[in-house]
Amino acid sequence: MAKDDTTKQGTEPMRDAVMRDLRPMGVHSRGGPTPEMLAKANATIDKMTQDFPNWASKDVDKLDSLLAEVASGDADPAMIKDVYKLAHDMRGQGGSFGYPVVTGVAGSFCKFVNSLDEIDQGAIEILQAHVKALRAVLQNKIAGDGGPIGAKIQDGLDRAIARYHEKRAEG
Amino acid sequence: MALDFSRLNVMIVDDNPHMRILIRDILLGFGVKDVVECPDGSEAISELRHRPADIVIADWMMEPLDGLDFTRLIRTANDSPSRFVPIIMLTGHTERHRIVEARDAGVTEFLAKPVTANGLYARLRSVVENPRQFVQTQSFSGPDRRRRTEDVDGRDRRKD
């Protein structure tokens, strides 16, 4: 907690000192969602899960071309931020749309980018391997936990990353 | 018995159209009838000037104004259009230091990705059933970060 919360200003009495209270605004009753509410909401998620591989594949194409620009060496160094942002979005979307393997692979991509001091050729190859993995997951519609194939994909990426860091450590 | 959200208006701020559609449709499934979508924080602030929202659901990673800066502006700007609005932060960042950072920016609730219907309902429920005191100090402006009421052994700093 911030130290100067204890300043003499303290909690000033404010004209509207409670966060907006929604109860008098027509939000009746209390409690959890009804089965009907959840069924409607889950139907939405199911429908979007079916469409996910189509539009997510376009994001993978974009990720691939951004990486190619970074690999060319002509790209603005800040472009890696765009690459990261795209992968981070995929990380968030995968699980939400029924493809947790996409979340795992994109999460691994983001974690790897965060671990890098510089983007060298070895790093580009690992990032491209992630892109290939994402493409394979979407093309083959490996939804849910991905089963043994999903585990194998993630394991392969983990081992490649470990090898990369070992090589870097050896100099 | 479930909450009746039919008279609430909710703003979704996310630069990803698919996530906006997902959240919008879940909200509609919950009975919310008035949902406004904005692709980034700056547009959301402009929109709030014309049309206040009862709850804002904002993604963390957006450009040019991300969810954290958006929250800070809402909570602290002199001309904030909606200082007290509850903000639910949608995030893939679940590391503790990130959560503390967002809480200190004035976020009301977190919704970690992946988004689920149960998870979203639980955050809406928390916002509705447990409205929190708004705290304004020199260093913080936002919902009271203390969620539990406990006896204070010693000096109550908030009364100093």
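Cut-offs and rules
- Residues numbered from 1 in each chain as written.
- Chains lettered and ligands numbered in written order.
- Predicted model: local features only at pLDDT ≥ 70, side-chain atom pairs only at ≥ 80, totals over all residues.
- Heavy atoms only, no water.
- Axes fitted to C-alpha atoms, helices over the stretch in contact; angles between N-to-C directions.
- Helix = DSSP H or I, 4+ residues; strand = E, 2+ residues; numbered from the N terminus.
- Parallel < 35°, antiparallel > 145°, perpendicular 65-115°, else oblique.
- Left-handed = near helix turned anticlockwise from the far one by under 90°.
- Contact = heavy atoms within 4.5 Å.
- Pairing = 2+ DSSP bridges.
- Core = buried A, V, L, I, M, F, W, Y, C linked by side-chain atoms within 4.5 Å.
- Buried < 20%, exposed > 50% of the residue type's maximum accessible area, 1.4 Å probe, protein only.
- Nonpolar A, V, L, I, M, F, W, Y, C, P; charged D, E, K, R; others polar.
- Right-handed = clockwise from strand over helix to strand, strands pointing away.
- Polar contact = N/O pair within 3.5 Å; in protein donor to acceptor, adjacent residues only side chain to side chain.
- Phe/Tyr/Trp six-rings, centres within 6.5 Å; stacked < 30°, edge-to-face > 60°.

Observations regarding the packing of helix α2 (residues 41-50) of chain B against helix α3 (residues 67-76) of chain B
Residues and elements named next belong to chain B.
So, step 1. Where α2 meets α3, the closest approach of the two axes is 9 Å, and the angle between their N-to-C directions is 30°. Between α2 and α3, the angle falls in the class roughly parallel. Considering the relative orientation of α2 and α3, their crossing is right-handed. On α3, the residues that touch G41, A44, I45 and L48 of α2 are F70, L73 and I74.

A short note on the sheet that holds strand β5 (residues 109-112) of chain B
Residues and elements named next belong to chain B.
So, step 1. Across the sheet, five strands lie side by side as β2-β1-β3-β4-β5; this open sheet has parallel pairing. Two strands lie at the open edges of the sheet, namely β2 (34-38) and β5, each paired on one side alone. Strand-to-strand twist of the sheet, defined as the mean angle between neighbouring strand axes without regard to direction, takes the value 20°.
So, step 2. The pairing of strand β3 (residues 55-59) with strand β4 (residues 87-91) spans four bridges and is classified as parallel. Across the sheet, I57 pairs through a bridge with I88, a residue of β4.
So, step 3. Along the sheet face, helix α5 (residues 117-129) touches β3, β4 and β5 and points at about 180° away from the line of β5.

As for the nonpolar core
So, step 1. Counting 81 residues, the largest nonpolar core has F109 of chain A together with F5, I26, L27, F30 and L120 of chain B as the members making the most contacts within it.
So, step 2. It is helix α1 (residues 35-72) of chain A that provides the largest number of residues to this core, a total of 13 residues.
So, step 3. Excluding anything up to four places from it in sequence, L120 of chain B contacts I23, I26, L27, F30, I57 and L111 of chain B.
So, step 4. Grouped together as the second largest cluster of nonpolar side chains are 16 residues, V13, V36, C38 and L48 of chain B included.

Observations regarding unusual backbone geometry
So, step 1. The step from E63 of chain B to P64 of chain B runs through a cis peptide bond, and the omega angle for that step is 0°.
So, step 2. Geometrically, the link from K113 of chain B to P114 of chain B is a cis peptide bond, its omega value of 5° lying close to zero.
So, step 3. By the secondary structure assignment, P114 of chain B is in the loop between β5 and α5.
So, step 4. We note that K141 of chain A has phi near 50°; this positive angle belongs to a residue other than glycine.
So, step 5. With respect to the helices and strands, K141 of chain A occurs in the loop between α4 (121-139) and α5 (147-170).
So, step 6. By relative accessible area, which is 52% here, K141 of chain A ends up exposed.

Some points on the packing of helix α3 (residues 100-115) of chain A against α4 of chain A
Residues and elements named next belong to chain A.
So, step 1. Running from N to C, α3 and α4 point in directions that differ by 170°, and their axes come no closer than 9 Å. The orientation of α3 with respect to α4, classified from their angle, is roughly antiparallel. Two secondary-structure elements touch here, α3 through V101, V102, V105, A106, S108, F109, F112 and V113 and α4 through A123, I126, L127, H130, V131, A133, L134, V137 and L138.
So, step 2. Broken down by class, the residue content of the contact of α3 with α4 amounts to 15 nonpolar, two polar and no charged.

A word on the pairing of β2 of chain B
Residue and element names in this part refer to chain B.
So, step 1. Sheet analysis places strand β1 (residues 9-13) next to β2, joined by five bridges and oriented parallel. Counterpart to N9 in the pairing with β2 is D34.
So, step 2. Tracing the backbone out of β1, into helix α1 (residues 17-29) and back to the parallel element β2 gives a crossover that is right-handed.

A word on the side chain of E109 of chain B
Residue and element names in this part refer to chain B.
So, step 1. Mapped onto the fold, E109 is located in strand β5.
So, step 2. Looking at E109, the relative accessible area reads 7%, which means it is buried.
So, step 3. A polar side-chain atom of E109 sits 2.6 Å from a polar atom in the side chain of S126.

Section: the packing of aromatic side chains
So, step 1. Evaluation of the coordinates by the stated rule reveals seven aromatic pairs over all chains.
So, step 2. Relative to F97 of chain A, the ring of W55 of chain A lies with its centre 5.1 Å away and its plane at 90°, an arrangement referred to as edge-to-face. Here F97 of chain A lies in the loop between α2 (79-96) and α3 and W55 of chain A lies in helix α1, a separation of 42 residues in the sequence.
So, step 3. Take W55 of chain A: its relative accessible area is 12%, and that puts it in the buried class.
So, step 4. A ring pair is formed by F5 of chain B and Y121 of chain B, whose centres lie 5.5 Å apart and whose planes are at 70°; its orientation type is edge-to-face. With F5 of chain B in the segment before β1 and Y121 of chain B in helix α5, the pair connects residues that are 116 residues apart, well separated along the chain.
So, step 5. What makes F5 of chain B buried here is its relative accessible area of 1%.
So, step 6. Site record: aromatic cluster; members linked through ring pairs are F52, W55, F97 and Y99 of chain A.

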